[in-house]
Structure formats: C-alpha cells, structure tokens
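Examination of the molecular architecture
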Amino acid sequence: MLLLTEVALIVFLTSAEKPVCQPYGAQEQPYFLKEGDITIGGVISFHNKPLFIKQNYKVNPGQLQCIHLNPEEFQYAQTMIFAIEEINNSSEILPGVSLGYKIYNGCTALTLVIRATLAVMNGEGNDTHSNSSCTRSPTIPAIIGLSGSSQTIGLARTAGPFNIPVISHFATCACLSNRKEFPTFFRTIPSDYYQSRALAKLVKHFGWTWVGAIRSDNDYGNNGMATFVQAAQKEGICIEYSEAILINDPQDKFLKVVNVIKKSTSKVIVAFISYLDLDILTKELLIQNVTGLQWVGTEAWITARNLASSAGYKVLGGAIGFAIPNAKIPGLKEFILNARPSDTPGNTGLNEFWESMFNCSLSSQSDANVKPCTRTESLEGINNEYTDLSEQRILNNVYKAVYAVAHSLHDLMTCQNGQGPFENRTCANKNKIESWQVLHYLKRANFTTRSGENVYFDENGDPVARYVIINWQQNKEGIITFKTVGLYDASLPEGQQFIMNSNSALWAGDQDRVPKSVCSESCLPGTRKAIEKGKPVCCFVCIPCAEGEFSNTTDAVECAKCPLEYKSNEHRNQCVLKNIEFLSFGESMGKVLVTFSVFGACLTIIISHIFFRYRSTPIVRANNSELSFLLLFSLTLCFLCSLTFIGQPSDWSCMLRHTAFGITFVLCISCVLGKTIVVLMAFRATLPGNNIMKWFGPKQQRLSVLAFTLVQVLICVLWLTISPPFPHKNTTYYKETIILECDVGSPVGFYAVLGYIGFLSAMCFVLAFLARNLPDNFNEAKFITFSMLIFCAVWITFIPAYISSPGKFTVAVEIFAILASSYGLVFCIFTPKCYIILLKPDKNSKKHLMGKMPSKSL
C-alpha cells in the first residue's frame with residue numbers, strides 16, 4: 001500500500017510541473033538573421049581574440065568576451081547570405097521555398113563556440129525561458145561553420161548527438177574524418193590527411209631532406225604536423241626541430257621559437273600554422289632580421305593577404321605551398337560591397353565592423369569626438385581585407401556548403417512517396433523536416449556549381465582533394481602575387497598526382513634557383529651513406545665502396561657487389577669485366593711452348609725418317625723396330641697434344657687435352673714397357689732349354705701394347721661419360737682477374753688417368769733397372785732406365801709445382817712436364833741409336849752387337 005502511494009505521488013508531481021529550459025549565461029543574439037520557410041544556421045568567428053572579463057561577484061566566473069574583428073570572417077558570412085539569396089531567387093532549386101539564416105559569432109574560444117552552437121539549435125527570444133520541453137527537436141536542418149579545426153570539433157561534437165549536419169568551409173584537421181566521433185560532419189575543403197602527405201612529397205620533390213617544422217598548438221596544427229612527420233620519414237626527410245605556438249601564447253614563447261630558428265642549420269621551414277599565429281611570429285622574425293629562409297605552407301596561410309605585406313614578404317618571400325583552387329563567384333563582389341549596417345535587432349552584424357572601418361559611430365549616444373556614420377559610406381574606395389575579393393578560394397567553399405544543404409533539401413522536398421529512402425519507401429514530412437532526414441540526403445549530395453565544379457562527399461564527409469601549388473612573388477610594381485606553379489589532385493593515380501612548373505617559381509631571397517637544405521651533402525656514386533651515431537638518418541658521412549663493390553646512384557645506402565665475372569672500376573661507380581687469363585698462342589710463354597712442342601714433334605719425325613731409312617741395319621732391327629716406330633709415333637702425338645693445352649679453353653679442348661694426353665702417354669709407356677720386356681725375354685731365351693720367346697713374339701708385343709692402351713681408353717671413356725672436364729672461370733684465386741681453366745670434372749677420373757700412367761712408368765722403370773746389367777754391347781735397358789728415371793722425376797716434381805702455380809702458369813707447368821718427359825724419352829732412347837747410325841756406322845754391325853768385337857761403353 002505504501003509503495004502505491006509513493007508511485008502515485010511521483011506521477012502527480014511529474015504531471016504537475018515540467019522541467020524548464022534555461023540557458024546558462026546571457027542570452028545570445030545572432031549577428032545576421034532572416035526568417036524563412038527553412039532556416040540554415042551559421043557559426044562564424046567574427047572576432048579572433050577571446051578576452052577573460054575580470055571576475056567579480058557581478059559576472060559569471062570565467063566569462064569570455066571577444067575582441068579584435070576578423071574581416072575575412074565577415075566575408076564568409078556575406079557569402080553565405082549571398083548564396084541563400086541566390087537560391088531564393090532561383091526557380092531551379094527549392095521553388096516555392098524560402099531559405100532563412102541565423103548566423104552567430106563563435107569567436108575562437110571553444111566555450112563561446114559551444115554557446116553559439118546551442119543558441120543556433122535552441123533559437124532566440126523568450127521561448128527559451130518558457131516551460132517548453134527540453135526534448136523538443138532542433139529548428140534548423142544544418143549548421144555552416146567554422147574556420148578553425150579546434151573550434152569546429154566543439155561545434156561538431158555539440159550538434160552531432162542531435163543528428164544536425166555541420167558543414168565546414170575551412171576546418172581541415174584529418175581527425176574530423178572520423179565517422180565514429182563526428183557522424184554528422186561534412187566539409188567543402190580537403191582533409192589534411194591528403195595535404196600533409198602531399199607536403200612531404202613536395203618537400204622531397206625539391207630535394208629538401210633537412211627541414212624545420214612550425215605548427216599551431218591546436219588540433220589543426222598538431223594533427224596535421226603529426227601526419228606530415230610520418231609521411232616525411234617515409235620519404236627520407238628529417239625534422240631538425242618542431243615547435244608549436246598559439247596566438248594566446250606569451251611573447252617569450254615566440255621569442256624562444258625565433259631563437260630556435262636562428263640557431264638551426266636547415267634552410268626550409270614547413271609551417272602547419274594558422275595565419276594569425278604566423279602573423280605574430282613573422283613580426284618577431286622581422287625584428288630580429290631572420291630572413292632568407294624557404295617557407296613551405298598550407299592552405300591556412302599561403303594565400304592570406306594580411307600576411308602578404310612588404311614587411312611580411314621580407315620574411316616569407318618565395319614561400320611555396322598548397323591552396324584551394326581559386327574561383328570567381330559572379331555577383332559576389334557587388335553584393336559584399338553593397339552591404340550596409342542595420343539597426344534591426346538580431347541583424348546588427350556589420351555595425352561594429354562598419355564603425356571600425358570608417359572610424360565613425362552608428363549610435364546616437366556616441367562620443368562627441370567621434371563623427372556619426374551616415375550609413376551611405378561607400379566601400380568602393382576602401383582597400384582592406386574585407387573589400388579585397390581577388391582571392392575567393394575559401395569564399396567558394398562557403399558558397400558550395402550552402403548549395404550542398406540546398407540541394408539536399410531540394411531532394412527531400414521533391415521526394416515521391418513509394419520511392420522514398422525511409423521506412424516502407426516513404427518520404428520526409430515536408431511540413432516538419434527533421435535534421436536526421438537532411439543528413440541522409442546530404443550524404444548522397446552530388447551536384448555541379450555554376451562554374452562547372454562537381455561537388456560530392458565521400459564516406460567520411462570529405463570532398464576530393466585538389467590543390468594548386470602557390471608561390472609568393474613580387475612583380476615589378478612591388479605588388480605581392482600568389483602565382484600558381486603546379487597542381488595536385490589526389491584522385492589521380494600514384495605518380496601522376498603532381499603537375500609542376502617549378503621553372504616559373506621564385507625562391508627565398510628572390511633567387512631563381514631551388515635552395516638546398518640538407519644535413520649532409522649527397523654521397524656521389526662510388527660511395528655509400530654511413531649514419532653518424534646519435535644523429536638523424538639525414539646526417540651521414542660518405543664512405544667509398546670496397547673493392548669488388550659499386551654504387552651508381554647518389555646517396556646509396558649500401559654498395560652492391562659486382563657479379564663474379566666483374567670488378568669495380570677505379571671510381572667504384574660501375575662494374576667492368578675482369579681480365580680473363582689463359583695461356584694463349586700470342587703471348588711469349590705460349591710461343592716458346594709451341595716452339596718446343598713443334599720442335600719435339602719434328603725431331604721425332606726426323607728420327608722416324610732416319611730409322612725408316614736405316615731399318616735394315618742391325619741396330620734398328622736389334623731394338624725391335626716395330627715398337628720403335630710405334631714409340632716414335634706416340635712421342636710425336638705427345639709433343640702435339642701439348643698444343644691442346646694452349647688457347648682459350650672450350651668444352652671440346654678440355655676433354656681433348658686430358659684424354660689425348662692420357663692415351664698417348666700410355667701408348668708411349670706401353671711401347672717402352674714392351675721394349676723392356678723384350679730385352680729381358682731375349683736374354684732369358686739364351687739360356688739352355690728356355691723357349692720363352694715363343695710366348696712373347698711380335699704378335700704378343702702388339703697385343704700387350706694394345707691391351708695396356710685400351711685400359712686407359714676405357715678409363716677416359718668412363719671419365720667423359722660420368723663427369724667430363726669443362727671450362728671453368730676461376731674467380732677466387734685473383735680478385736680482379738678471371739682464370740679461364742679446365743676443371744677436371746671428376747677428380748677420380750683425372751687421378752685414375754695419372755695413376756695408370758704412373759703405374760706403367762714404375763713397372764717399366766723396375767724392369768729396365770733389372771735388365772740394366774745384362775751382357776751386351778748395346779743394352780737398351782740402360783737407356784730405358786735412365787729415361788724412366790727422368791720421366792718419374794719430372795712427374796713427381798710436377799705435382800707440387802702444379803698445385804702451387806697460379807693461373808695460366810698451372811697450364812704451363814703441365815705442358816712443361818709433358819715436353820720434358822717426352823724429350824727425356826727421345827734423347828735417352830733414340831739419340832744414342834741415331835748417333836751410331838749417323839756418326840759411328842762401323843758399330844752398326846751384327847758382329848759388334850753380338851759381342852764379337854771389343855765393346856766400348858757408350
């Protein structure tokens with residue numbers, strides 16, 4: 001029972017008294033006001049310097065007052081009014097519907113922005129003190145404003161929960177593209193997301209890798225600079241210093257920044273800053289004569305006329321940066337110049353500015369020393385920031401923002417039931433338009449302005465990022481101009497977004513050359529960069545590339561290694577082909593070896609001719625003439641096979657040289673071995689009852705030579721089949737020379753060939769040694785022993801010489817061993833016989849050979 005009583009009491013009290021909406025502080029009045037069927041809201045900062053009122057018991061604590069009129073903001077307000085009037089006079093858009101406006105002053109203080117936003121949403125008049133519900137819907141479909149990013153964030157966060165679209169003409173902070181935080185925010189100026197990255201590419205384009213950075217200490221400057229720093233690091237740009245300033249900072253802060261700039265070594269300053277903050281900094285720089293620096297700017301100040309004075313040009317002359325493309329709005333200049341002050345309550349926005357411009361008073365109770373305003377003063381002869389309409393870049397953004405709202409309202413008003421975008425394909429109630437419905441149509445807005453510019457918003461509420469690149473120049477008359485020297489379009493493919501004409505640019509100090517700003521001079525080709533410890537990556541030393549390495553680009557991070565067949569040139573900036581070394585016929589060593597080889601072959605041919613001519617003489621017949629001729633033939637081949645080792649190695653020459661050498665030498669040793677066995681068997685046959693010679697006659701001798709040789713042929717065939725020799729470029733022995741040599745392919749095959757030759761040689765040496773003392777006037781075994789001794793000595797010493805000889809000398813040693821052993825056989829076996837045949841014919845008799853005559857030692 002008690003619970004029911006309490007519930008009834010609560011219901012009674014609730015129904016008896018509704019909450020009363022009461023604004024905090026003084027009632028806010030609009031600067032410009034016009035009634036209409038639909039009223040568009042506006043929040044514009046007509047003043048740019050907030051001032052705290054001295055706190056006492058008569059005023060709210062922390063109350064702010066705005067001072068210092070901002071002429072450009074009055075231009076924005078007049079442009080908004082002009083666009084609304086143009087739409088009202090148009091029969092193509094919103095026919096039969098009149099647009100009104102309520103424009104409030106947001107100043108540059110966040111608290112005043114929020115207060116102005118609430119005033120726009122709630123309306124003015126005594127209605128705010130009535131007993132109406134706090135939950136009533138806002139009376140406006142959209143709000144246009146502000147210029148500053150930080151203030152716009154406050155505006156968007158205040159209007160966002162009520163689904164009221166906010167369209168800014170000059171707030172560029174990339175943070176505002178966050179749809180989760182700012183679901184109802186749109187803008188007609190590109191996001192700094194694109195501008196920051198484009199700035200980094202612009203700085204890189206001119207080769208500036210060592211820059212200073214100045215930013216406004218607010219959301220616009222801090223977010224924009226943070227994005228620029230990230231993009232700059234990817235482009236290899238280093239930031240020497242990064243300083244933040246704000247218009248409300250004390251003078252000491254500005255002097256500190258000036259001191260940092262003076263001590264810096266970078267010649268380029270990237271300024272992500274509002275023109276109000278830069279104006280104060282420029283004056284301090286001019287006082288301390290800090291000029292000649294190259295400034296790179298953003299759209300916030302690069303086209304600011306109030307900076308482009310003769311004094312400002314001394315500091316900022318030659319500045320380059322991004323700006324919104326310029327535009328001409330027909331009729332706008334006449335409209336602004338024909339504007340007049342008004343005494344209508346809530347529409348007195350021009351009054352304070354008018355009094356300031358003409359130094360007069362519109363009040364009847366004005367000071368006697370101040371002349372009264374006639375209200376007929378002409379703006380035609382006035383030359384100030386308000387009347388200067390040569391630059392309509394931002395004004396065009398305001399113009400597009402109004403038309404975006406108008407086109408959204410037009411689409412809403414012309415909707416046909418059954419084709420609508422809302423539930424059950426219904427349309428909005430045209431007599432009671434809700435802001436969330438306008439928000440829906442604004443997301444789909446897509447129209448073309450009178451100048452032919454297509455306007456639409458992406459999923460984040462941003463337009464396409466298009467900039468012109470502006471350069472500050474001074475003409476012959478001393479007038480400062482903003483010359484377009486390039487374009488940037490983020491909608492184009494990567495690599496085609498920049499269109500530059502930097503030849504027409506003028507740089508800091510009125511120089512026609514692009515200034516340099518690097519921490520370290522570029523490393524020339526042939527060197528590489530080495531980062532100095534404790535310094536940024538842009539500060540480095542240049543180290544020459546090592547031998548065998550090269551760099552053919554400027555500022556190479558590392559040197560590349562030359563391919564194996566190449567070496568670096570003297571300047572280490574390219575690779576050149578290494579010298580190829582092999583034993584050629586044209587060089588002196590090759591000629592000498594060829595001479596000895598040919599001479600040896602000719603000598604054996606001559607000996608063969610002598611033996612053939614005297615083939616019937618006893619000494620030739622007694623020494624097995626058939627094996628002697630075969631031995632001379634094999635020796636000729638041994639001399640000639642050495643020629644295959646000379647010249648550039650190829651697949652065929654490598655296989656031929658080793659196999660020809662192996663087979664001819666085995667043939668040669670087989671003949672010598674056969675002759676040695678014949679000697680031994682001949683003397684054994686003289687013993688009584690011994691008939692051994694019938695087992696080693698001419699037929700058996702031929703078969704033994706053939707058998708011994710076929711074994712070597714079989715070894716060579718297996719070698720060539722399994723892993724044959726091949727040409728090989730040896731790049732490890734010399735760093736700057738390629739040794740072109742024959743790789744043996746299979747070491748087993750190579751050593752088998754040499755081992756078999758060594759085996760036969762050793763056997764021949766042993767048998768000849770055993771037969772050396774057999775009785776005879778001409779015992780051939782002695783000469784065979786001596787020749788085998790030479791042969792073995794040559795090839796034993798060949799092994800260490802072959803291993804230790806470099807390059808082409810390895811081949812020369814091998815040829816020398818072939819020639820030396822061949823000459824040893826020729827001189828030891830055949831020279832004594834030729835001596836007897838030609839010079840001692842009396843000894844070339846059977847009687848002498850059979851020991852019938854006294855023998856003489858040879």
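The rules behind each value
Residues numbered from 1 in each chain as written. Predicted model: local features only at pLDDT ≥ 70, side-chain atom pairs only at ≥ 80, totals over all residues. Heavy atoms only, no water. Helix = DSSP H or I, 4+ residues; strand = E, 2+ residues; numbered from the N terminus. Buried < 20%, exposed > 50% of the residue type's maximum accessible area, 1.4 Å probe, protein only. Contact = heavy atoms within 4.5 Å. Areas by Shrake-Rupley, 256 points an atom, 1.4 Å probe, with all protein chains shown as cover. Polar contact = N/O pair within 3.5 Å; in protein donor to acceptor, adjacent residues only side chain to side chain. Core = buried A, V, L, I, M, F, W, Y, C linked by side-chain atoms within 4.5 Å. Domains from an automatic or database assignment. pLDDT = per-residue confidence, 0-100. UniProt positions renumbered as here; feature names shortened; annotations may be inferred. Pairing = 2+ DSSP bridges. Axes fitted to C-alpha atoms, helices over the stretch in contact; angles between N-to-C directions. Salt bridge = Lys/Arg side-chain N within 4 Å of Asp/Glu carboxyl O.

Moving on, we get to the overall build of the protein chain. For the protein chain, the helix and strand inventory stands at 22 helices and 27 strands. In the protein chain, which comprises 858 residues, the proportion classed as buried is 49%. Pairs at least 24 residues apart make up 68% of the contacts formed inside the protein chain by residues separated by at least 6 positions. Summed over all atoms, the accessible surface of the protein chain reaches about 41,700 Å², with 57% contributed by carbon and sulfur.

With respect to the helices and strands, N730 occurs in strand β26 (residues 726-730). The class of N730 is buried, set by a relative accessible area of 13%. A polar atom in the side chain of N730 sits 3.2 Å from the side chain of E741. In this structure, N730 is in contact with T737, I738, I739 and E741, ignoring residues within four places of it in sequence.

The subject of this paragraph is the nonpolar core. In this structure, F32, M80, L99, I103, W208, V296 and Y386 are the most contacted members of the largest nonpolar core, which totals 98 residues. Element by element, the count of residues in this core is highest for helix α12 (residues 393-413), at 12 residues. When residues are assigned to domains, this core turns out to be shared by domain 1 (32-53 + 62-124 + 136-190 + 330-339 + 386-456) and domain 2 (192-323 + 465-500), each giving three or more. Every residue in contact with I103, bar those within four places of it in the chain, is listed here: P30, Y31, F32, G42, I44, F46, A77, M80 and I81.

Okay, unusual backbone geometry next. Residue L146 is reached from G145 by a cis peptide bond, and omega for that bond is -10°. Summarising the element assignment, L146 is placed in the loop between β6 (143-144) and α4 (149-159). Unusually for a residue other than glycine, N359 sits at a positive phi of about 55°. On the secondary structure map, N359 appears in the loop between α11 (351-358) and α12.

Per-residue confidence for the protein chain averages 84 on the pLDDT scale, and 87% of its residues sit at or above 70. Mean pLDDT values for the elements of the protein chain range from 38 in helix α1 (residues 2-16) up to 97 in strand β7 (residues 166-168). Note on residues 125-133: pLDDT under 50 across the span, and 19 contacts to partners over four residues away in sequence or across chains. Low pLDDT, under 50, characterises residues 852-858; the stretch is placed with 11 contacts to residues that sit more than four places away or in other chains.

A few words now on the UniProt feature "transmembrane region" (unreviewed entry) in the protein chain. Taking the UniProt record as the reference, the feature "transmembrane region" (unreviewed entry) is found at residues 592-614, 626-647, 659-683, 703-722, 750-771, 783-803 and 815-838. End C-alpha to end C-alpha, residues 592-614 measures 33 Å, and it is 96% helix and 0% strand. Taken end to end, residues 703-722 is 100% helix and 0% strand, and its first and last C-alpha atoms sit 28 Å apart.

Attention shifts here to the sheet that holds strand β18 (residues 498-500). Here 8 strands make up an open sheet; going across it, the order is β10-β9-β11-β12-β13-β16-β17-β18 and the pairing mixed. Of all the strands in the sheet, the pair left with one neighbour each is β10 (238-245) and β18. Taking the axes of each pair of neighbouring strands and ignoring which way they run, one obtains an average angle of 25° across the sheet. Relative to strand β12 (residues 294-297), strand β11 (residues 268-272) is paired through 4 bridges, and the arrangement is parallel. Across the sheet, residue V268 finds its bridge partner in β12, namely Q294. Docked against the sheet, helix α6 (residues 219-234) engages β9 (210-216), β10 and β11, running at close to 155° with respect to β9.

Looking now at the pattern of salt bridges. What the rule picks out here adds up to 16 salt bridges. One salt bridge in this structure joins K34 and E85, with 2.8 Å as the shortest N-O distance. Of this pair, K34 sits in strand β1 (residues 32-34) while E85 sits in helix α2 (residues 71-88), and the two are 51 residues apart along the sequence. K34 gets classed as partly exposed once you look at its relative accessible area, which sits at 27%. Where K729 meets E565, a salt bridge forms, and the shortest distance between an N and an O atom there is 3.2 Å.

Another aspect to go through is the environment of S168. The residue S168 is located in strand β7 in this model. You can call S168 buried: its relative accessible area is 0%. Sequence separation between S168 and T152 is 16 residues, and the spatial gap between their C-alpha atoms is 7.4 Å. Aside from chain neighbours lying at most four places away, what touches S168 is G145, L146, T152, F185, F186, R187, T188 and I189. Reaching out from S168, the side chain makes a polar contact with the backbone oxygen of L146 at a distance of 2.7 Å.

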